[in-house]
Amino acid sequence: MICSATVAFARTLTQAELEPHLKAALIRLRHLTPSIALRVAKLPTNHYEVSYNVPKHLSEVEDWVNSILLFETEGDDRVTNHDNAARRWWRAKDNAYMMEFHLAPASSNCWTIT
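Undergrad: Describe the sheet that holds strand S3 (residues 48-51), with residues and values.
TA: Judged by pairing direction, the sheet is antiparallel, and its 3 strands sit side by side in the order S3-S2-S5 without closing on themselves. Bordering the open sheet on either side are S3 and strand S5 (96-97), each of which pairs with just one other strand. Two elements, strand S2 (residues 39-42) and S5, share 2 bridges in a ladder whose sense is antiparallel. The residue of S5 that forms the bridge with Val40 is Ala96.

Okay, here's the thing in structure tokens:
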């Protein structure tokens, strides 16, 4: 499932201003709800495996958040940004995390999250 929303801020925020807050929020969310860091992989037996690796170091969590929080430069509206993310849809056989967050500027003070 792909969901998109546009978030409006009181003022224009750059990626550099927004990114550390989003990373901190996602790291906190993973602590509260580890299931957001599940991976799905297709096994040679044509079955699927869902796995979760318990991080031993903060660097592992930082690697995870860097791999799922993706900032886009193309598109300037919610529909275009949603379509761009849908074209990059990953398949379960890729051993990818179950969630990704694609962000793109939507207007002067808005960001689209897909």
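Structure's up, so let's keep going.
Undergrad: Quick rundown of the packing of aromatic side chains? Include the residues and the values.
TA: Under the counting rule described, the total for this entry stands at 1 aromatic pair. If you follow Arg39 out to its NZ or CZ, it ends over the ring of Tyr97, 4.0 Å from the centre.

Undergrad: Lay out helix H2 (residues 58-68) in plain terms, naming residues and giving numbers.
TA: Of the positions making up H2, those classed as buried are Val61, Trp64, Val65 and Ile68. End-on, the buried residues of H2 take up no more than an arc of 95°, which puts them together on one face. In this structure, the buried side of H2 is in contact with helix H1 (15-32), strand S4 (69-71), S5 and strand S6 (101-107).

Undergrad: Go over a nonpolar patch on the surface with me, naming the residues and quoting the values.
TA: Taken together, Val50, Met98 and Met99 make up a surface patch of nonpolar side chains, about 260 Å² in accessible area. Mapped onto the secondary structure, Val50 falls in strand S3.

Undergrad: An account of the sheet that holds S6 is needed here, citing residue identities and associated values.
TA: Taken in spatial order, the 4 strands of this open sheet run S1-S7-S6-S4, and their pairing is mixed. Where the open sheet ends on each side, the last strands, each with one partner, are strand S1 (5-8) and S4. Within the sheet, the average angular offset between the axes of one strand and its neighbour, ignoring direction, is 30°. Of the strand pairs in this sheet, S4 and S6 are connected by 3 bridges, and their pairing is parallel. Note on S6: the bridge partner recorded for Leu70 is His102. Against the sheet, H1 touches S4, S6 and strand S7 (110-113), its axis set at about 165° to S4.

Undergrad: Requested: an account of unusual backbone geometry, with residues and values cited.
TA: Although it is not a glycine, Asn46 adopts a positive phi angle of roughly 70°. Relative to the elements of secondary structure, Asn46 occurs in the loop between S2 and S3.

Cut-offs used in this document
- Residues numbered from 1 in each chain as written.
- Predicted model: local features only at pLDDT ≥ 70, side-chain atom pairs only at ≥ 80, totals over all residues.
- Heavy atoms only, no water.
- Pairing = 2+ DSSP bridges.
- Helix = DSSP H or I, 4+ residues; strand = E, 2+ residues; numbered from the N terminus.
- Phe/Tyr/Trp six-rings, centres within 6.5 Å; stacked < 30°, edge-to-face > 60°.
- Lys NZ or Arg CZ within 6 Å of the ring centre and 35° of its normal.
- Buried < 20%, exposed > 50% of the residue type's maximum accessible area, 1.4 Å probe, protein only.
- Arc of directions from axis to C-beta.
- Contact = heavy atoms within 4.5 Å.
- Patch = residues over 30% accessible without salt bridge, like charges linked within 9 Å, V, L, I, M, F, W, Y side chains within 5 Å.
- Areas by Shrake-Rupley, 256 points an atom, 1.4 Å probe, with all protein chains shown as cover.
- Salt bridge = Lys/Arg side-chain N within 4 Å of Asp/Glu carboxyl O.
- Axes fitted to C-alpha atoms, helices over the stretch in contact; angles between N-to-C directions.

Note that every value here comes from positions in space, so none of it alone points to a role or purpose.
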